[in-house]
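# Fold and contact review
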Amino acid sequence: MPQMRRVELGKVKVGEGLPLALVAGPCVIESESMCLDVAREIKGIAARVGMPFVFKASFDKANRSSISSFRGPGPEEGLRILRKVREEVGVPVISDVHEVAQVAPAAEALDALQIPAFLCRQTDLLVAAAKSGRPVNVKKGQFMAPLDMANVIDKLRDSGCRKVLLTERGVSFGYNRLVVDMAGISAMQSLGVPVLFDATHSVQQPGAEKTRSGGDRAMVPVLARAAVAAGASGVFIEVHPEPAKARSDAATQWPLDELEPLLRTLAEIRSIIIEIEI
């Protein structure tokens, strides 16, 4: 296996031999105050468990099941809020970009850009993100085999991006169902990049509730523990103060008041894995 690169997202380092990184926040920006409050709370929790933290929230959910679903405040207002989180809370921030026109303003406000799973093969979007100068995290498509992500990495690197991460988020298994092949984490690491595990989207049941996705939140700790044991360099967890009232992914977001014990377990598993690797 080639040496897995270490990538810096702002001041957070992610990669082989490093503490487990946390990318977390609400699925979508619901308000400025909620983002600031959640970011501060997660920052404190992450500090207590010794886990470097990157805040994530989407300014636009462009792939919602229904046209009437809440998408967020949009790029202008959403990026303003994320910039404020970055400045006032003092943590790196990351968010999704869905089209080329969003890349430049997002790169000015964010520490890293994220490519949604459904768009992971969109060449123009990948090229624009690579040329932005920001690190790029690409969610593996639900339709992709792990090693097929080599072509995605090549598109980014050939376009000038050397700070690349991949995120495992499950693969389609029949209708309204995702499964996770934990061996895929190692397979993608063999491509020479750090790999994160998306613990909340991996328990989704896409489109299962007619106009929105369902899911099984109880499986988040189960899959997260397995992924960290399999060698994931970080975890991606969507977190909400009141998941049942969340305006996106209400069935799968993790409760903020239950985050610390979950992270403590994951950090302990990661420490064991690092000792074994050394």
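So, here's what we can say about the structure. Since this is a predicted model, take the numbers as computed values, not measurements. (Residues numbered from 1 in each chain as written. Predicted model: local features only at pLDDT ≥ 70, side-chain atom pairs only at ≥ 80, totals over all residues. Heavy atoms only, no water.)

### Brief notes about the environment of Asn-176
- Tracing the backbone shows Asn-176 in the loop between strand 9 (171–172) and strand 10 (178–179).
- For Asn-176, a relative accessible area of 38% corresponds to the partly exposed category.
- Linking Asn-176 and Ala-145, residues 31 residues apart in sequence, is a C-alpha distance of 18 Å. (Helix = DSSP H or I, 4+ residues; strand = E, 2+ residues; numbered from the N terminus. Buried < 20%, exposed > 50% of the residue type's maximum accessible area, 1.4 Å probe, protein only.)

### So, unusual backbone geometry
- The phi torsion at Asn-176 lies on the positive side, around 55°, for a residue other than glycine.
- Here Asp-249, not a glycine, exhibits a phi torsion of approximately 55°, which is positive.
- Looking at the element boundaries, Asp-249 is found in the loop between strand 14 (234–240) and strand 15 (254–255).

### Describing the packing of helix 7 (residues 220–229) against helix 8 (residues 259–277)
- The geometry of helix 7 relative to helix 8 is characterised by a closest axis approach of 9 Å and an angle of 20° between their N-to-C directions. Between helix 7 and helix 8, the angle is such that the two are roughly parallel. In this structure, helix 7 crosses over helix 8, and the sense of that crossing is right-handed. Note on element contacts: helix 8 touches helix 7 through Leu-262, Thr-265, Leu-266, Ile-269, Arg-270 and Ile-273, opposite Val-220, Pro-221, Ala-224, Arg-225, Val-228 and Ala-229.
- Split into classes, the residues belonging to the contact of helix 7 with helix 8 amount to nine nonpolar, one polar and two charged. (Axes fitted to C-alpha atoms, helices over the stretch in contact; angles between N-to-C directions. Parallel < 35°, antiparallel > 145°, perpendicular 65-115°, else oblique. Left-handed = near helix turned anticlockwise from the far one by under 90°. Contact = heavy atoms within 4.5 Å. Nonpolar A, V, L, I, M, F, W, Y, C, P; charged D, E, K, R; others polar.)

### Observations regarding the state of the cysteines
- Under the defined criterion, the tally for this structure stands at zero disulfides.
- Cys-35 forms no disulfide, and the closest cysteine sulfur to it belongs to Cys-27, at a distance of 11 Å.
- According to the relative accessible area criterion, Cys-35 is buried, its value standing at 0%.
- In this structure Cys-161 is not part of a disulfide, and its nearest cysteine sulfur, from Cys-120, lies 15 Å away. (Disulfide = S-S within 2.5 Å.)

### Comments concerning the side chain of Glu-168
- Mapped onto the secondary structure, Glu-168 falls in strand 8 (residues 164–168).
- Every residue in contact with Glu-168, bar those within four places of it in the chain, is listed here: Lys-140, Val-180, Ile-185, Met-188, Val-195, Leu-196, Phe-197, Asp-198 and Ser-202.

No statement about biological role is implied by the geometric values presented.
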